[in-house]
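Descriptive analysis of the structure
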Amino acid sequence: MSNQSTIANATAQAASRCTCGEVRISTMKNVRKRAISRIRFIIHLLPRAQFQPARPPLINIGTYVRSKSIDALVDQWLEFCEQQDTVCQIVSLGAGSDTRFWRISTGPRSHFLKSYFELDFPDVTTKKAMAIRKSKELSTVLGSPESVTIASGGTALHSSKYHLIPSDLRHPPSTSLAPVLDGLLSSTLPTLLLFECVLVYMSPESTSALINWFVNHLASPHEGSILGAIVYEMFGLQDAFGQVMLNNLRSRNVSLPGAAPYPTVDSLRERFTPHGFAFSCALTLNEVREKYINPPELERISHLELLDEVEELNLVLQHYAITWGAKTFMPTAKSSPWKQWGLKMPSQALPRG
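Residues numbered from 1 in each chain as written. Predicted model: local features only at pLDDT ≥ 70, side-chain atom pairs only at ≥ 80, totals over all residues. Heavy atoms only, no water.

**Details of the overall build of the protein**
For clarity, the threshold we go by: A run of H or I in DSSP becomes a helix once it reaches four residues, and a run of E becomes a strand once it reaches two; helices and strands are each numbered from the N terminus. Only protein chains enter the accessibility calculation, which uses a 1.4 Å probe; a residue is then buried when its area is under 20% of its type maximum, exposed when over 50%, and partly exposed in between.
Scanning the protein from terminus to terminus reveals 16 helices and nine strands. For the protein, with 353 residues in total, the buried portion stands at 55%.

Following this line, the structure appears as structure tokens:
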């Protein structure tokens with residue numbers, strides 16, 4: 001087989017495998033291989049994942065790199081809050097079966113998290129609320145049973161710190177955000193938004209309106225607030241890999257309207273420009289894997305599964321990216337520490353406080 005045919009075949013196989021819907025089960029498979037240490041909580045949200053077919057190694061590696069990146073950014077955000085002796089709030093949009101709230105709440109910086117919000121479609125939040133109520137492991141972290149309430153016909157769940165809220169983010173923020181977050185979301189605390197494979201399914205106009213709502217919510221006369229955002233998604237789908245992926249998704253009646261405006265990794269940072277963000281950065285998962293994860297850790301992961309599809313892996317990781325940025329609502333001198341927020345190469349890691 002010619003080299004060109006080999007690359008074309010790898011492109012078709014990789015694109016057909018790598019959609020965001022694969023990630024939930026892939027995360028569980030990674031857990032079982034001890035690549036991601038979150039089995040304590042996720043088994044309660046994906047109880048039958050062990051019966052699903054095994055995912056290819058390249059999917060699991062991509063999930064690991066993605067999780068490692070977002071974990072590092074969130075951990076550093078909480079570290080900055082600790083250094084400035086302030087609490088923060090985190091809003092996960094399209095949260096699905098994510099367990100980040102429980103991992104933070106049982107971690108060393110739990111006291112610096114004031115509120116955690118998860119928003120998703122009502123059918124998703126209903127299942128998650130039921131799973132939380134059924135699991136002693138999950139519900140205990142929320143506090144006493146008396147402090148936990150089910151609302152909106154079983155689609156919402158609230159505790160003193162955790163809020164699971166049904167919402168269709170494709171609708172205007174005036175109807176999808178304002179009614180469910182007003183009175184709960186502070187307008188003065190540092191706020192971190194998490195978008196994991198969400199915005200790519202939304203129109204650019206809907207995404208802009210969504211971000212702008214949070215900007216306006218925090219644009220209060222009080223000094224000290226900051227709005228951060230982390231986005232994980234695919235991009236650059238104009239090439240052969242992207243076209244195969246798009247065709248594969250179309251066959252499932254799925255479209256990616258949010259991918260078109262971002263043909264390159266550099267263009268991803270422009271998402272935040274209209275909203276006055278002080279800085280933004282973007283890295284492909286390939287860059288993260290090669291430069292931002294310790295070589296011994298990569299060596300350890302490589303022994304968990306044998307990977308033959310090296311060309312496929314490179315194609316996949318080059319089309320997925322982590323983007324982060326922040327907008328400050330404070331004097332320049334006070335905001336300068338936050339501008340250090342970002343992924344660090346192993347040699348650049350900040351000393352732990």
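Now that the structure has been shown, the text picks up again.
**A look at the state of the cysteines**
Disulfides are covalent bonds that connect the sulfur atoms of two cysteines. Stated precisely, the cut-off is as follows: Whenever a pair of cysteine sulfur atoms sits within 2.5 Å, that pair is classed as a disulfide.
Tallied over the full model, the rule gives zero disulfides. In this model Cys81 remains outside any disulfide bridge; the closest cysteine sulfur is found in Cys88, 3.9 Å from its own. A residue is classified by how much of its surface remains accessible, and Cys81, at 0% relative accessible area, is buried.

**Examining the pattern of salt bridges**
Counted only if it meets this: Each reported salt bridge corresponds to a side-chain nitrogen of Lys or Arg within 4 Å of a carboxyl oxygen of Asp or Glu.
Under the counting rule described, the total for this entry stands at 13 salt bridges. Between Asp71 and Arg103 there is a salt bridge, with the nearest N and O atoms lying 3.4 Å from each other. Separated by 32 residues along the polypeptide, Asp71 in helix H4 (residues 57-83) and Arg103 in helix H5 (residues 100-105) bring together distant segments of the chain. By the burial criterion, Asp71 is buried, and Arg103 matches it. We note a salt bridge from Arg300 to Glu297, for which the minimum N-O separation is 3.0 Å. With Arg300 and Glu297 both in helix H14 (residues 295-302), this residue pair falls three residues apart, about one helical turn. Exposure remark for Arg300: the relative accessible area of 35% places this residue in the partly exposed category. Note on Glu297: relative accessible area 19%, which makes it buried. Connected via shared salt-bridge partners are Arg66, Asp71, Asp98, Arg100, Arg103 and Glu196.

**Some thoughts on the nonpolar core**
The criterion, for reference: We define the nonpolar core as a collection of buried residues of types Ala, Val, Leu, Ile, Met, Phe, Trp, Tyr and Cys that are connected through side-chain atoms lying within 4.5 Å of one another. Only heavy atoms enter the contact rule, under which two residues are in contact if any of them lie within 4.5 Å.
If you look at the biggest cluster of nonpolar residues, it comprises 65 residues, and the most contacted ones within it are Val74, Ile90, Tyr162, Ile230, Trp324 and Trp341. Looking at this core element by element, the count peaks at 12 residues for H4. Excluding residues within four positions of it along the chain, Ile230 makes contact with Ile70, Leu73, Val74, Leu192, Leu193, Leu194, Phe195, Ile322, Thr323, Trp324 and Trp341. Formed by 27 residues, the second largest nonpolar core is a distinct cluster that contains Leu119, Trp213, Leu227 and Phe329.

**Some words on the packing of aromatic side chains**
Applicable threshold: Note on aromatic contacts: the rings of Phe and Tyr and the six-membered ring of Trp form a pair at centre separations within 6.5 Å, being stacked when their planes are under 30 degrees apart, edge-to-face when over 60 apart, and tilted otherwise.
Inspection of every chain in the model, using the stated rule, returns 10 aromatic pairs. Seen in terms of ring centroids, Phe80 and Trp338 are 5.7 Å apart; in terms of plane orientation they differ by 85°. Their pairing is edge-to-face. Of this pair, Phe80 sits in helix H4 while Trp338 sits in the segment after helix H16 (332-335); the two residues are 258 residues apart in sequence, bridging distant segments of the chain. Between Trp102 and Tyr162, the aromatic rings sit 5.0 Å apart at their centres with planes inclined by 55°, giving tilted as the arrangement. Of this pair, Trp102 sits in helix H5 while Tyr162 sits in strand E5 (residues 162-166), placing them 60 residues apart in sequence. For the pair Trp102 and Tyr162, one class covers both residues: buried. Three or more aromatic residues joined by ring pairs make a cluster, and in this case those are Trp77, Phe80, Trp338 and Trp341.

**Focus: the sheet that holds E5**
To keep things clear, this is the line we draw: Two strands make a pair as long as DSSP finds a minimum of two bridges between them. Axes here mean lines fitted to C-alpha atoms, for a helix over just the part in contact, with angles spanning 0 to 180 degrees between N-to-C directions.
The mixed open sheet is built from nine strands, whose spatial order is E3-E4-E5-E2-E1-E6-E7-E9-E8. Looking at strand neighbours, the two that pair on one side only are strand E3 (149-151) and strand E8 (279-284), the edges of this open sheet. Along the sheet, successive strands turn relative to each other by an average axial angle of 15°, direction set aside. Strand direction decides the pairing type here: strand E6 (residues 191-196) and strand E7 (residues 225-234), joined by six bridges, are parallel. Along E7, the bridge assignment pairs Leu193 with Ala229. Packed on one face of the sheet, helix H6 (residues 122-134) meets strand E2 (113-120), E3, strand E4 (156-158) and E5 and runs near 145° to E5.

**Let's talk about the packing of H4 against helix H15 (residues 310-317)**
Stated formally: We call a crossing left-handed when the near helix sits turned anticlockwise from the far one by less than a right angle, and right-handed when that turn is clockwise.
Remark: H4 packs on H15, axes separated minimally by 10 Å, with the N-to-C direction vectors making an angle of 35°. Here the hand of the crossing between H4 and H15 comes out right-handed. Within the contact between the two elements, H4 uses Leu58, Ile61 and Gly62 and H15 uses Glu312, Leu313, Val316 and Leu317.

**Quick notes on the confidence of the model for the protein**
The cut-off we apply is this: Confidence of the predictor at the level of single residues is given by pLDDT, which spans 0 to 100.
Here the protein shows a mean pLDDT of 85. Residues at 70 or above account for 83%. A low-confidence stretch, residues 1-18 (pLDDT under 50), is modelled with 34 contacts involving residues beyond four sequence positions or located in other chains. A low-confidence stretch, residues 20-37 stays under pLDDT 50, and its non-local contacts, those more than four residues away or across chains, total 54 contacts.

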